[in-house]
Amino acid sequence: MEPKQQLDYAAVRAAADRIAGTTRPVTVAPAGEGVWYALEHLQHTGSFKARGARNFLAAHAAADALPAAGVTIASGGNAGLACAWAARAQGVRATVFLPGSAPRVKVDRLRGYGADVRLVGDRYAEALAACQEFAAESGALRSHAYDHPLIAAGAGTLLDEVRAALPGLDTVVVAVGGGGLFAGVATAAREHGVRVLAAEPENCRALNAALEAGRPVDVPVNSVAADSLGAPRVSADALAAAREDGVRSVLVPDTAISQARRALWEEHRIVVEPGAATALAALRTATEPLGERVAVILCGANTDPGDLATSGA
């Protein structure tokens, strides 16, 4: 029997109960006047994805819906890492499909978690097709990098933790790829009247394009942050969340993303991947006030820090 699959605040609260004690509570640190960083890059596996993966597998385990073939996922890297980590903790096999362009640091860590790693093609879509075929043939449970209510609800647990650490929070800034983190965070934020700024690279704009078109549409992917924000299409849950009051979609250029990533290193000795720096880039390039108490979610750190010493950004 499949577990309940609906994204609402009740699902976020259920996820919080389900993953309690298995994920790291987010650390919230002051970064400047009226601005705090939510240091989710310190999470297990190096990104927020651990929350959704743990919730997804725990919910299926509780419903006795975990097959002998284990779980499979297609991922640019971070979701695969989280899935492999959660599967190991649950005692099931994980088969992870990635595009051949996935960062080596992510591939090596996946194998360290005991996953069966399969590199397919050059784009996420090719890895996804191979994953779907494998799931159909093997009977493995197919997880998703972002487009599943249990994944998004797990990610949404982050918002209540930020609120607990930062009373009076009025705005949260979050990077958007396929929309799992955004959809979960926005769902929880709406419950508490917290505004959301959804940040995307100019050339990875799945959410922004969906808002413009009135429906999820395929977009080209070409950004320094593409390895984690390069989803070709946003989830329906993310689009629904973005249509609510209190949500604003913004685009930032790659130069601003690289500059924000470098600033985090130079000013705070924080190393994050470009996808995480996209949220800070949105704050740094904002043309109007965001609020008096703003939290910027630094969502992932699976990156090679070596280029920070040589980057010209």
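Each chain carries its own residue numbering, running from 1 in the written order of its sequence. Note on the predicted model: pLDDT of at least 70 is required for a residue's local features to be given, and 80 or more for side-chain atom pairs to be given and counted; whole-chain, interface and lining totals, by contrast, use all residues. With hydrogens and water excluded, all non-hydrogen atoms of the structure serve as input to the side-chain values.

### Observations concerning the pairing of strand β3 (residues 71-74)
Logical step 1: Working definition: with a 1.4 Å probe on protein chains only, accessible area under 20% of the residue-type maximum means buried, over 50% means exposed, and in between means partly exposed. Only runs of H or I of at least four residues qualify as helices and only runs of E of at least two qualify as strands under DSSP, and these elements are numbered from the N terminus. Covered by surrounding structure in β3 are Val71 and Ile73 together with Thr72 and Ala74, the residues of both alternating faces.
Logical step 2: Here a strand pair is declared whenever DSSP counts at least two bridges between the two strands. Both β3 and strand β4 (residues 94-98) contribute to a ladder of four bridges, which runs parallel. Its bridge partner lying in β4, Val71 is registered against Ala94.
Logical step 3: Pairing of β3 with strand β6 (residues 141-142) involves two bridges; the strand directions are parallel. Bridge pairing in β6 places Val71 opposite Leu141.

### Some details on the side chain of Arg51
Logical step 1: Mapped onto the secondary structure, Arg51 falls in helix α2 (residues 49-62).
Logical step 2: Under this definition, polar contacts are N or O atom pairs within 3.5 Å; protein pairs additionally need one hydrogen-donor-capable and one acceptor-capable atom, and for neighbouring residues in sequence, both atoms have to be side-chain atoms. Separated by 2.8 Å, the side chains of Arg51 and Glu161 make a polar contact.
Logical step 3: We call two residues in contact whenever any of their non-hydrogen atoms come within 4.5 Å of each other. Beyond its immediate sequence surroundings of up to four residues, Arg51 is in contact with Ile19, Thr23, Arg24, Pro25, Val26, Glu40, Gln43, Gly154, Ala155, Thr157, Leu158 and Glu161.

### Examining the packing of aromatic side chains
Logical step 1: We call Phe, Tyr and Trp rings a pair once their centres come within 6.5 Å, taking the six-membered ring for Trp, and we label the pair stacked below 30 degrees between planes, edge-to-face above 60, and tilted otherwise. Summed over all chains, the structure comprises one aromatic pair.
Logical step 2: Ring plane angle 55° and centroid distance 5.7 Å describe the contact between Phe97 and Phe134, whose orientation is recorded as tilted. Here Phe97 is found in strand β4, whereas its partner Phe134 is found in helix α5 (residues 124-138), with 37 residues between them in sequence. As far as burial versus exposure is concerned, Phe97 and Phe134 are alike and both buried.

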